[in-house]
Amino acid sequence: MFSSDDDTDHGVVLAILFGVVAAIIGLVIGLGIYKTHVPKPAAMANVEVVEADGASVKVVDGIVKFYFATAKADIAAGANEALVEVVKMGAAGKSVRVSGFHDATGDLAKNQELAKQRAIAVRDTLVALGVAEDKIELVKPEAMTGTGSNAEARRVEVVVVQ
């Protein structure tokens, strides 16, 4: 019923089909290996630097948080390292939001002015590191709400706006 030419044709078709299936399986396995061994894009690593006077800087979930000593606007050591990814994103054209916070103790007007001065100090650091000033938005100082401590309230947050 079948000639030897038919057997040859079927063998060629099966060989091609087997080759295609093997190539697809190899591609899937190769992509799986590639994805597990390629470094992820640089994400903002969680970082914390604390100074003796209570000033500190932390990076948590992409938010850079500067904490300040009572009645001071001095930026903690480690600011440049904590802002590396923010600076990269700012240089790429993303906007950066700088928000100042203050605690609820003492004179409200003085607290708001100090929060503003802290935010300006952080903005100036960003500009010195290469972020264009027109890409930085300063947000009006806010009082801390909720269950945070006064030390937690004395902060400036830096967020890249998507």
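Up top is the structure these notes are about.
For clarity, every value in this text was computed on a predicted model and none was experimentally measured. (Residues numbered from 1 in each chain as written. Predicted model: local features only at pLDDT ≥ 70, side-chain atom pairs only at ≥ 80, totals over all residues. Heavy atoms only, no water.)

Asks: Just checking my understanding: could you explain the overall build of the chain for this structure?
Replies: A tally of regular secondary structure across the chain gives 5 helices and 6 strands. Secondary structure elements of the chain occur, N-terminal to C-terminal, as α-β-β-β-α-α-β-α-β-α-β. Per-residue burial for the chain yields a buried fraction of 29% across its 162 residues. Relative to all contacts within the chain whose residues are 6 or more apart in sequence, the contacts with residues 24 or more apart total 65%. With the model as given, the accessible surface of the chain reaches about 10,100 Å², and the carbon-plus-sulfur share is 61%. (Helix = DSSP H or I, 4+ residues; strand = E, 2+ residues; numbered from the N terminus. Buried < 20%, exposed > 50% of the residue type's maximum accessible area, 1.4 Å probe, protein only. Contact = heavy atoms within 4.5 Å. Areas by Shrake-Rupley, 256 points an atom, 1.4 Å probe, with all protein chains shown as cover.)

Asks: Explain helix α3 (residues 84-91) to me, please; I cannot follow it from the model alone.
Replies: For an α-helix, the turn length of 3.6 residues means that residues three or four places apart are oriented alike. All of the buried residues in α3 are Glu85, Val86, Val87 and Gly90. Close packing links the buried residues of α3 with β3 (63-67), β4 (95-102), α4 (108-128) and β6 (155-161). In the stretch just after α3, Gly93 is the one whose phi turns positive, near 100°.

Asks: Just to check I follow, could you spell out the pattern of salt bridges for this structure?
Replies: It is possible for side chains of opposite charge to pair when their charged atoms get near one another. Inspection of every chain in the model, using the stated rule, returns 6 salt bridges. Ionic pairing is found between Asp103 and Arg154, a salt bridge with its closest N-O pair at 3.5 Å. Residue Asp103 is found in the loop between β4 and α4, and its partner Arg154 is found in the loop between α5 (150-153) and β6; the two are separated by 51 residues along the sequence. By relative accessible area, Asp103 is classed as buried at 7%. Its salt-bridge partner being Asp124, residue Arg123 comes within 3.1 Å of it at the nearest N-O pair. Each of Arg123, Asp124 and Glu133 takes part in salt bridges that share partners, so that together they form one network. (Salt bridge = Lys/Arg side-chain N within 4 Å of Asp/Glu carboxyl O.)

Asks: Is there a simple way to think about the environment of Ala91 in this case?
Replies: Assignment of secondary structure puts Ala91 in helix α3. Sequence separation between Ala91 and Leu129 is 38 residues, and the spatial gap between their C-alpha atoms is 9.8 Å.

Asks: What am I meant to see in the packing of aromatic side chains here?
Replies: When we look at a pair of aromatic rings, we describe it by the centre distance and by the angle of the planes. Per the stated rule, a full pass over the model turns up 0 aromatic pairs. When the ring centre of Phe101 is taken as origin, the NZ or CZ atom of Arg155, which lies over that ring, is 3.9 Å away. (Phe/Tyr/Trp six-rings, centres within 6.5 Å; stacked < 30°, edge-to-face > 60°. Lys NZ or Arg CZ within 6 Å of the ring centre and 35° of its normal.)

Asks: Explain unusual backbone geometry here, please?
Replies: Peptide bonds are trans in most cases, and residues, glycine excluded, mostly fall at negative phi. Positive phi values are uncommon outside glycine, yet Asp61 reaches one of about 50°. Along the polypeptide, Asp61 turns up in the loop between β2 (56-60) and β3. Asp61 sits in the exposed class, given a relative accessible area of 68%. Positive phi, normally seen in glycine, also occurs at Ala71, with a value near 65°. Relative to the assigned elements, Ala71 resides in the loop between β3 and α2 (79-82).

Asks: Mind showing me how you'd approach the nonpolar core here?
Replies: Where a protein is soluble and globular, its nonpolar side chains tend to be buried together. Core analysis: the biggest nonpolar cluster contains 20 residues, and Val64, Phe66, Val98, Leu126 and Val158 have the highest contact counts within it. At the level of elements, β2, β3, α2, α3, β4, α4 and β6 are the ones that each hand at least two residues to this core. Not counting the four nearest positions on each side in its chain, Leu126 is found in contact with Leu83, Val86, Val87, Val96, Val98, Val131, Ile136 and Val158. (Core = buried A, V, L, I, M, F, W, Y, C linked by side-chain atoms within 4.5 Å.)

Asks: Can you walk me through the pairing of β2 in this structure?
Replies: Working note: regular strand, side chains alternate between the two faces of the sheet. Inspection of the sheet shows β2 paired to β3 by 5 bridges, in the antiparallel sense. The partner of Val60 across the bridge, within β3, is Ile63. Hairpin remark: β2 followed by β3, antiparallel, with 2 residues in the connecting loop; positive phi at Asp61, about 50°. (Pairing = 2+ DSSP bridges.)

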